[in-house]
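Examination of the molecular architecture
This is what each chain is made of:
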Amino acid sequence: MTLKALPFGREAIEEILPHREPFLLIDEVLELRPGEGAVARKTVRADEWYLSGHFPGRPVMPGVLIVEALAQTGAVAVLSDQENRGKLALFAGIDDCRFKRIVEPGDVLELRGPIGRGKAEARVDGEVACRATLTFAVER
C-alpha cells in the first residue's frame, strides 16, 4: 500500500484498516504520522444504522461507537507504519473515558487517536465530546 496524499477518504482508509461497512466509523483522514498518531473526521448522518434504535425520536451516537471511531483513527496510524501493514490493531485497554456532550446527526466528529497508549479526543465544532486514554496492541 502506498500512502495517499492527505486528506484521504474511505477507499484509502480501507487499504489500511480491515473494517468495512457498517462498522467503518471514520470518513476521512486529515493528518497522519505513521507510527505516531492521526486526525480523522466522521460525519454523523441521520441514516446511520445505529440511530433508529438509539434512540427513537432522539437519535444519539452511542458513546461506545465514538470510542471505536477514536480507536480506528489510532489504528490508521499504527497500521500505516511499514512494520505493521496487514496486521490487526486491537484494543488492549480503555481508561479514564468521559463523555462530555451528545453527538447527533449532522455533527462532524474530529478524532485524534494515538498509537500504543495515549490520550484520544473526539470534538464537535471544537467542543470536546469524548476524551479517553486508549491502549493498543498489534497482532504478531
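These remarks concern the structure in this document. Every value quoted in this text rests on a predicted model; they were computed, and no experiment measured them. (Residues numbered from 1 in each chain as written. Predicted model: local features only at pLDDT ≥ 70, side-chain atom pairs only at ≥ 80, totals over all residues. Heavy atoms only, no water.)

**Some points on helix H2 (residues 63-80)**
For H2, built from 18 residues, the straight-helix expectation of 26 Å at 1.5 Å per residue is met to within 8% by its first-to-last C-alpha distance of 26 Å. The buried fraction of H2 is high, at 16 of 18 residues. (Helix = DSSP H or I, 4+ residues; strand = E, 2+ residues; numbered from the N terminus. Expected span 1.5 Å × (residues − 1). Buried < 20%, exposed > 50% of the residue type's maximum accessible area, 1.4 Å probe, protein only.)

**Quick notes on the sheet that holds strand S6 (residues 117-124)**
Spatially, S1-S2-S3-S5-S6-S7-S4 is the arrangement adopted by the seven strands of the open sheet, whose pairing is antiparallel. Only two strands of the sheet have a single neighbouring strand rather than two, namely strand S1 (8-9) and strand S4 (89-99). Bridge analysis of strand S3 (residues 37-43) against strand S5 (residues 108-114) gives seven bridges, and the strand direction is antiparallel. Residue Arg41 lies in a different strand from S5, and its bridge partner there is Glu110. (Pairing = 2+ DSSP bridges.)

**Remarks on empty space enclosed by the protein**
The rolling of a water-molecule-sized probe over the atoms marks out the regions of remaining empty space. In this structure the tally under the stated criterion is one cavity of 30 Å³ or more. Estimated volume of the largest cavity: approximately 30 Å³. Looking at side-chain class alone, the lining of the largest cavity contains four nonpolar, no polar and five charged residues. (1 Å grid on protein atoms, 1.4 Å probe; cavity = no way out; pocket = protein on both sides within 12 Å on 5 of 7 lines; lining within 4 Å. Points joined across faces, edges and corners; volume = space filled by probe spheres on them. Nonpolar A, V, L, I, M, F, W, Y, C, P; charged D, E, K, R; others polar.)

**Re the side chain of Thr73**
Mapped onto the elements, Thr73 comes out in helix H2. A relative accessible area of 0% places Thr73 in the buried class. Dropping the residues within four chain positions of it, Thr73 is found in contact with Ile26, Ala38, Val39, Ala40, Leu111, Arg112 and Gly113. (Contact = heavy atoms within 4.5 Å.)

**Overview of the nonpolar core**
Among the nonpolar cores identified, the biggest contains 39 residues, and Leu17, Ile26, Met61, Val103 and Leu109 are the most heavily contacted of them. Going through the elements one at a time, helix H1 (10-16), strand S2 (28-33), S3, H2, S5, S6 and strand S7 (127-138) are the ones with two or more residues in this core. Of all the elements, H2 adds the most residues to this core, at 11 residues. When neighbours within four sequence positions are excluded, Ile26 is seen to be in contact with Arg10, Ile13, Leu17, Ala40, Arg41, Lys42, Ala69, Gln72, Thr73, Val76 and Leu111. (Core = buried A, V, L, I, M, F, W, Y, C linked by side-chain atoms within 4.5 Å.)

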